[in-house]
Amino acid sequence: MTTATGASAVTSVGGTAAAQDGERHTVEMTDSLVFEPDSITIAPGDTIAWVNVGSIGHSVTAYEDEIPQDAEYFASGGFDAEGQARNSYTAGNTAAGDVPGGESFRHTFDVVGSYEYFCIPHEGVGMVGSIDVTPGGAPEGGDGPAIPTIPDTAWTLIVVTTVALLTVTGLAYIFIKYGGDYELGDEE
Ligand SMILES: [Cu+2]
């Protein structure tokens, strides 16, 4: 029995690892009643973990009309529809959609598109967020200056300088070789 359970667990872990090669992102839910960041760009297959870093309970609830048509509905508490999630929400009850302080809710996004979601108890004070699932995820260096690259003008300068140097060297060589002969010829 023990051996069978062990083997099964290993297989299960392997399967999970193979299925989840997407990145993980964290969105914090705070006592300021916000999702932080409230807008995030991820790649298909990535997972978001909403972590309640405060003590006030929140929910993560998708607007069912503001997710891609073929995307799976998601809501903390595991509800299949927005109305169900709204009607069931009970503060402090994880099964009823609450994510208490220190807890988290995860969802993996496979379908490209934009998703809008909210927190049931704090929707009225603007606790809403959005997710953009796009191939490749967020652009590199999107939060700062681009990685320094040599601009085209610099490349042109390098090429022009190199050509000029080679030309000068070549002319000098020709001048020394043949110019010298002529000078010698003149002297004789
Ligand atoms: Cu909230």
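Residues numbered from 1 in each chain as written. Predicted model: local features only at pLDDT ≥ 70, side-chain atom pairs only at ≥ 80, totals over all residues.

In the annotation of an unreviewed UniProt entry, the chain is listed under the name Plastocyanin/azurin family copper-binding protein and assigned to Haloarchaeobius litoreus. In the Subcellular location (unreviewed entry) part of its UniProt record, the chain is described as follows: "Membrane". (UniProt positions renumbered as here; feature names shortened; annotations may be inferred.)

Caption draft 1: Looking closely at the overall build of the chain. Summing up its helical and strand segments, the chain has three helices and eight strands in all. Expressed as a percentage of the 188 residues in the chain, the buried residues total 20%. Counting contacts in the chain only where the partners sit at least 6 residues apart, residues at least 24 apart contribute 55% of the total. (Helix = DSSP H or I, 4+ residues; strand = E, 2+ residues; numbered from the N terminus. Buried ≥ 20, exposed ≤ 12 C-beta atoms within 10 Å, placed from the backbone. Contact = placed C-beta atoms within 7 Å.)

Caption draft 2: Summary view of the pairing of strand β8 (residues 128-133). Where burial is concerned, the two faces of β8 differ: the one with Gly-129, Ile-131 and Val-133 is buried and the one with Val-128, Ser-130 and Asp-132 is not. In this sheet, β8 lies alongside strand β3 (residues 39-42) in parallel orientation, the contact comprising four bridges. If you follow Ile-40 over to β8, its bridge partner there is Ile-131. Of the strand pairs in this sheet, strand β7 (residues 113-118) and β8 are connected by six bridges, and their pairing is antiparallel. Along β8, the bridge assignment pairs Ser-114 with Asp-132. (Pairing = 2+ DSSP bridges.)

Caption draft 3: Structural view of the nonpolar core. Judged by nonpolar contacts, the single largest core of 26 residues is most densely connected at Ile-42, Ile-48, Trp-50, Val-60, Ala-62, Ala-75 and Ile-131. Counting residues per element, the ones that place at least two in this core are β1 (24-29), β3, β4 (46-52), β6 (104-109), β7 and β8. Per element, the largest residue contribution to this core is three residues, and it comes from β7. (Core = buried A, V, L, I, M, F, W, Y, C linked by C-beta atoms within 7 Å.)

Caption draft 4: Region of the structure containing the environment of Phe-118. Within the secondary structure layout, Phe-118 lies in strand β7. Overall, Phe-118 belongs to the buried group, with 24 C-beta atoms counted inside 10 Å. A sequence separation of 83 residues divides Phe-118 from Phe-35, and the C-alpha atoms of the two residues are 8.8 Å apart. Once you skip the residues sitting within four places of it in the chain, Phe-118 turns out to touch Thr-61, Tyr-63, Glu-123, Met-127 and Val-128.

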